[in-house]
Amino acid sequence: MAIVPIRNVAERIRPPRALYVEFPLGLPLGRPGDADFQHRVLDAALALLEEPAGPVLADFPEAIRSEDTQPLQCSVPPRYDPELHPAVDEAQGLRAAYDRAVARNGRTTVGSHATPDEIPDVIGKFARIAEGEPWEKVGLDGAAGRVGQEIRTYYEELAGELADAPAGPWAIERWFYEQTEAGKVLLAARRRMREAGAPRLAWFPLSPASRG
């Protein structure tokens, strides 16, 4: 039995028993801290074991959508160096919050394609793309999509050190793309790269498809 957040994947794989849940990725049981809701999900999934034959794909009747969540209240530092691009200055100013998050959690997932020290520099490269420089000339090569994901992970990990309250589903995503300079740069660079005919894997991972 499986709980799946992407319906067409379950349709292709055809597991013996699958419950499709319209929840954010990473929240297979739904709302964090809501035990009643989570038990309803588990009950619905386990009930599929009573089906006499499979494959079975059932829909959980309740969904969690981005408009159901409150925006994350998460302050960003003031400008420190007006000579820098705002997104680069922002990323440098947030380094202390990132370091606190790493110290508290004892781990980080940033570093596969850009280290924390390199994050401001690669944000600067995306800013150059957003301003019209050809994407293939800024030095990101074919790893642009993966590097962009490192930037988002950097912000996601530090957000907990700045937020006024625990984040709900999609709250950190909304904060990143709607309130931070780095998020705005990635969206603009994504549009530029797509319009320039860059390989899909270079620009598509820079934001969720719903953000254009």
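This text goes with the structure placed above it.
To keep things clear, this report deals only with the structure shown in the data block. As the structure is a computational prediction, the values presented were derived from the model and not from experiment.

Time to look at the side chain of Asp-89. Along the chain, Asp-89 falls in helix 3 (residues 86–93). Within the local environment of Asp-89, its side chain forms a polar contact with the side chain of Arg-79, the two groups lying 2.7 Å apart. With residues up to four places along the chain from it excluded, the contact list for Asp-89 reads Arg-79, Tyr-80, Asp-81 and Leu-84.

As a further point, take the pattern of salt bridges. The final tally for this structure, using the stated rule, is 10 salt bridges. The partner of Asp-99 in a salt bridge is Arg-95, with the nearest N and O atoms 2.9 Å apart. In this pair, Asp-99 and Arg-95 are both assigned in helix 4 (residues 95–105), 4 residues apart and thus about one turn of the helix distant. Residue class for Asp-99 comes out partly exposed when judged on its relative accessible area of 36%. Among the salt bridges present, the one from Asp-117 reaches Arg-95, with a minimum N-O distance of 2.7 Å. Of this pair, Asp-117 sits in the loop between helix 4 and helix 5 (119–130) while Arg-95 is found in helix 4, placing the two residues 22 residues apart along the sequence. By relative accessible area, which is 60% here, Asp-117 ends up exposed. Put simply, Arg-95, Asp-99 and Asp-117 are held in one network by salt bridges that share partners.

Reading the values: rules and limits
- Residues numbered from 1 in each chain as written.
- Predicted model: local features only at pLDDT ≥ 70, side-chain atom pairs only at ≥ 80, totals over all residues.
- Heavy atoms only, no water.
- Helix = DSSP H or I, 4+ residues; strand = E, 2+ residues; numbered from the N terminus.
- Polar contact = N/O pair within 3.5 Å; in protein donor to acceptor, adjacent residues only side chain to side chain.
- Contact = heavy atoms within 4.5 Å.
- Salt bridge = Lys/Arg side-chain N within 4 Å of Asp/Glu carboxyl O.
- Buried < 20%, exposed > 50% of the residue type's maximum accessible area, 1.4 Å probe, protein only.

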